[in-house]
Amino acid sequence: MTASELAEKLHARRSGRGWIARCPSHKDRSPSLSIAAGEAGRVLLKCFAGCETSAVLAALGLRWADILPPRQKLSPAEMHRQRFAREQAESAAWKIRDRIGELRRDFMDCLHGIERRQAELVAELHAAKTDVDREPVLDRLAQLAPQSTEALERFNFAFDSDAKTLAQFAGASPAEQRVMIFGAENA
Ligand SMILES: [Zn+2]
């Protein structure tokens, strides 16, 4: 019940920023019950003759809960929207985790490829009989080191940015997560 509904129920008249009514809790000849709207829809009651607010409420057949601001009830559409957003947030987090796993696997594959190639070249090197035969093998071996460094850098870069996104996502509020998934306009 809002302050104005209560004022109406008590046939109160406007007074200042609120209303004044006859107090139902005592024999009130001249109105002494002040009614006002407080913060966040809270109803403020005061009997200037000294009645306790709980006595005033009891005389009205009301409970404290009746004059507390109404709980925000979510519409079914809003509940659905929030649940959908939560599910999207979970699946987005999984996707990022999957992506990190994929990156790691790609990198390991790449590294294993390079290691295999290195082992093959080392075997070729041992098999080579002359320096002329060894020369090209050594060149190819020398090229492999920068390749593995490059692969590692690529992996670290991709991993860092995805890990950062995941950490950001995990630390974000549900509202921020919605923005991350849907963009600012559709969140
Ligand atoms: Zn009173």
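This one's a predicted model, so the numbers in the text were calculated from it and none came from an experiment.

Caption draft 1: Local environment of the overall build of the chain. In terms of helices and strands, the chain carries 6 helices and 4 strands. Listed by position from the N terminus, the elements making up the chain come as α-β-β-β-β-α-α-α-α-α. Radius of gyration (C-alpha) of the chain: 37 Å, far over the 16 Å computed for a compact globule of 187 residues. For the chain, the spread of C-alpha atoms along the principal axes amounts to about 120 × 30 × 25 Å. For the chain, with 187 residues in total, the buried portion stands at 11%. Restricting the contact set of the chain to residue pairs at least 6 apart, pairs at least 24 apart contribute 52%.

Caption draft 2: Focus on unusual backbone geometry. Unlike most non-glycine residues, His11 shows phi in positive territory, near 50 degrees. Note on placement: His11 falls in the loop between helix 1 (3–9) and strand 1 (13–15).

Caption draft 3: Expanded view of the domain arrangement of the chain. Once the domains are mapped, the chain shows domain 1 (3–67) and domain 2 (76–182). Computed over C-alpha atoms only, the centres of domain 1 and domain 2 are separated by 68 Å.

Caption draft 4: The pairing of strand 2 (residues 18–21), seen in detail. Pairing geometry for strand 1 and strand 2, over 3 bridges, is antiparallel. Bridged to Ser15 within strand 2 is Gly18. Counting the residues in the hairpin turn of strand 1 and strand 2 gives 2 residues, including Gly16, whose phi is positive at 60 degrees. Relative to strand 3 (residues 33–37), strand 2 runs antiparallel, the two sharing 3 bridges. Looking at the pairing, Ala21 lines up with Leu33 of strand 3.

Caption draft 5: Spatial organisation of the packing of helix 4 (residues 76–127) against helix 5 (residues 131–171). Where helix 4 meets helix 5, the axes come as close as 10 Å, and the angle between the chain directions of the two elements is 170 degrees. Compared by their axis directions, helix 4 and helix 5 come out roughly antiparallel. Looking at the contact of helix 4 with helix 5 residue by residue, the classes come out as 22 nonpolar, 4 polar and 7 charged.

Calculation criteria
- Sequence order as written defines the numbering, with residues in each chain counted from 1.
- For this predicted model, a pLDDT threshold of at least 70 governs which residues receive local features, and a threshold of 80 or more governs which side-chain atom pairs are given and counted, while totals over whole chains, interfaces and linings are taken from all residues.
- Counting from the N terminus, the helices are the DSSP runs of H or I reaching at least four residues and the strands are the DSSP runs of E reaching at least two.
- Note on method: radius of gyration uses C-alpha positions; expected globular size equals 2.2 Å times residues raised to 0.38.
- Once C-beta atoms are placed from the backbone, each residue is buried if 20 or more other C-beta atoms lie within 10 Å of its own, exposed if 12 or fewer, and partly exposed for counts between those two.
- Note on contacts: each residue gets a C-beta atom placed from the backbone, and two residues are in contact if those atoms are within 7 Å.
- The source of the domain bounds is an automatic or database domain assignment.
- Any two strands are treated as partners once DSSP identifies two or more bridges connecting them.
- Only the contacting stretch of a helix is used when fitting its axis, a line to C-alpha atoms as for every element, and angles between N-to-C directions run 0 to 180 degrees.
- Oblique is the label for any angle not under 35 degrees, not over 145, and not in the 65 to 115 range, which are roughly parallel, roughly antiparallel and roughly perpendicular in turn.
- Residues are sorted three ways: Asp, Glu, Lys and Arg are charged, Ala, Val, Leu, Ile, Met, Phe, Trp, Tyr, Cys and Pro are nonpolar, and all the rest, Gly among them, are polar.

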